[in-house]
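Single-letter residue listing:
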Amino acid sequence: MSSPAKRARTDTEAGEARVAIAFDIDGVFKYGREWSKDGLRALQKVTEAKMPFVFVTNGGGGLTEASYASSMSSKIRAASSLPEKERTDVIIDGSRMVLSYTPWQSLLAPSLAEGAVLIIGDPKEQVLQVAHNYGLKYAVHYSDYAVKHYNINPFRGAREGGHSHTAVATTAVSNAEGAKRTACEGADDRPFEAVLVMCDPYEWYEAVQVGVDVLCSPTPLTVEFDVTVPPMPCHFSNPDVLWKSEHPFPRFGQGAFKIALKALYMERMRFLRIPQETIDERIAAIRQWGKPTDATFRFVEQRLRELAPMPHATTERFYMVGDNPTSDIEGTRRSNIVHKSTCTSWDGVLVRTGVYKSGDETNGATVVVDGIGDAVDWIIEREKGLRAATGGAS
Ligand SMILES: [Mg+2]
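Definitions and limits used
- Residues numbered from 1 in each chain as written.
- Predicted model: local features only at pLDDT ≥ 70, side-chain atom pairs only at ≥ 80, totals over all residues.
- Core = buried A, V, L, I, M, F, W, Y, C linked by C-beta atoms within 7 Å.
- Buried ≥ 20, exposed ≤ 12 C-beta atoms within 10 Å, placed from the backbone.
- Helix = DSSP H or I, 4+ residues; strand = E, 2+ residues; numbered from the N terminus.
- Domains from an automatic or database assignment.
- Contact = placed C-beta atoms within 7 Å.
- Pairing = 2+ DSSP bridges.
- Axes fitted to C-alpha atoms, helices over the stretch in contact; angles between N-to-C directions.
- Parallel < 35°, antiparallel > 145°, perpendicular 65-115°, else oblique.
- Left-handed = near helix turned anticlockwise from the far one by under 90°.
- Nonpolar A, V, L, I, M, F, W, Y, C, P; charged D, E, K, R; others polar.

> Explanation requested: the nonpolar core in the structure shown.
Generally speaking, nonpolar side chains in soluble globular proteins are found buried as a group. Judged by nonpolar contacts, the single largest core of 90 residues is most densely connected at Ile21, Val117, Leu118, Ile119, Val195 and Val321. Top contributing element to this core by residue count: helix 10 (residues 204–216), with six residues. Two domains each provide a minimum of three residues to this core, namely domain 1 (16–100 + 294–389) and domain 2 (103–288). Those residues within four positions of Ile119 in sequence are excluded, and the remaining contacts are Val127, Leu128, Ala131, Ala139, Val140, His141, Tyr142, Leu196 and Met198.

This is the structure:
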């Protein structure tokens, strides 16, 4: 008969499995402005099954993780079809939110804390709050920079003054008028070290102009293109070119802004007769985050491991519940390529309540279900089956 110590070791050798879930939000828990009546019950079941979970969205809207979590919790609760007394709270705090820019807090911000960082995205106050929470001491919003240096955007002065921006206009903005508009508090024009596109900017022209200026030179007011410095890092949080708003047809999103910024950055360098190899090197410093990128999926795995540490786990099964085959399910497909021949795997659970419609390409989803309730039931049943098949060790 084996001793308890020996038996414990044998159980470990048989393998503990980490099972965890990443939930998309739009098209899964919410449809437009309407929230699912099944969301709360689904989260209660996942909690009862002791499966760690996070929410992963390419949105964020400049909100902090804590404020996103708090407003989402109350909406999921309010929409529930459960009777009031059964609406037990499920813990959704900031640690469970992976917004498009969340990985930057630990992976980018520490090395940028002391440098000036150009922040692109709106609403201004909110994105600056996020930057501040991440420890970026010298975050400069693109619109503040344009207000402080009024001639960076000739159209801003013309629009605000109600006159033409051309030189023939008699009411051209004078330096004195421009100086009145300086309102960039705390910015001391130290050299820029990075550009962070946190979410969609409201003013594309100004964002592109200021963005390209900074990409070309850390000191864009005095040096047009700085050949002496390494390529300026530029990070985009959300690759989605189109998104669904209230208009009947999709609208341009951050991915579209990236196409515009990148094209005009290249065009600007060609005008300056920068050698093609330098242009290629500069463009290569542009980095993409968000679903379905590896960067975001590796971050999600790490967050799920931290939420429920299992030092003896020998197998990991991650589930992604989402509505978008080219984003959510594509992320699982790429992850399985990265983890090939390891004991970590991803399964895509595709729901029919959003982008995906019956008959569309599923991009290799493990299963297609009607909605969030069925998705969670399927995962729990599958895990029961796997545990039974391995005698409870799995
Ligand atoms: Mg979605």
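> Is there a simple way to explain the sheet that holds strand 7 (residues 138–141) in this structure?
In sheet architecture, strand pairing relies on hydrogen bonds along the backbone and comes in two forms, parallel and antiparallel. Across the sheet, five strands lie side by side as 7-6-8-9-12; this open sheet has parallel pairing. Of all strands in the sheet, those with a lone pairing partner are strand 7 and strand 12 (286–288), marking the two edges. Along the sheet, successive strands turn relative to each other by an average axial angle of 25 degrees, direction set aside. Against the sheet, helix 6 (residues 124–133) contacts strand 6 (116–120) and strand 7, and its axis sits at roughly 165 degrees relative to strand 7.

> How do you make sense of the packing of helix 11 (residues 254–271) against helix 12 (residues 276–283) when you look at a structure like this?
Two numbers describe how helix 11 lies on helix 12: the axes approach to 10 Å, and their chain directions differ by 155 degrees. Taken together, the axes of helix 11 and helix 12 lie roughly antiparallel to each other. Crossing geometry of helix 11 relative to helix 12 is assigned as right-handed. The segment helix 11 lies against helix 12, with Lys262, Met266 and Met269 engaging Ile279, Arg282 and Ile283. Its residues assigned to classes, the contact of helix 11 with helix 12 shows four nonpolar, no polar and two charged.

> Looking at this model, I keep getting lost on the sheet that holds strand 13 (residues 313–322). Mind explaining?
Taken together, six strands build an open sheet; the order of strands is 5-4-1-13-14-15 and the sheet is parallel. This sheet does not close on itself; its edge strands, each paired only once, are strand 5 (97–98) and strand 15 (367–369). Relative to strand 4 (residues 53–56), strand 1 (residues 16–23) is paired through three bridges, and the arrangement is parallel. Of the residues in strand 4, the one forming a bridge with Ala22 is Val54. Those strands touched by helix 15 (residues 372–389) are strand 1, strand 13, strand 14 (344–351) and strand 15, and its axis lies near 145 degrees from that of strand 14.

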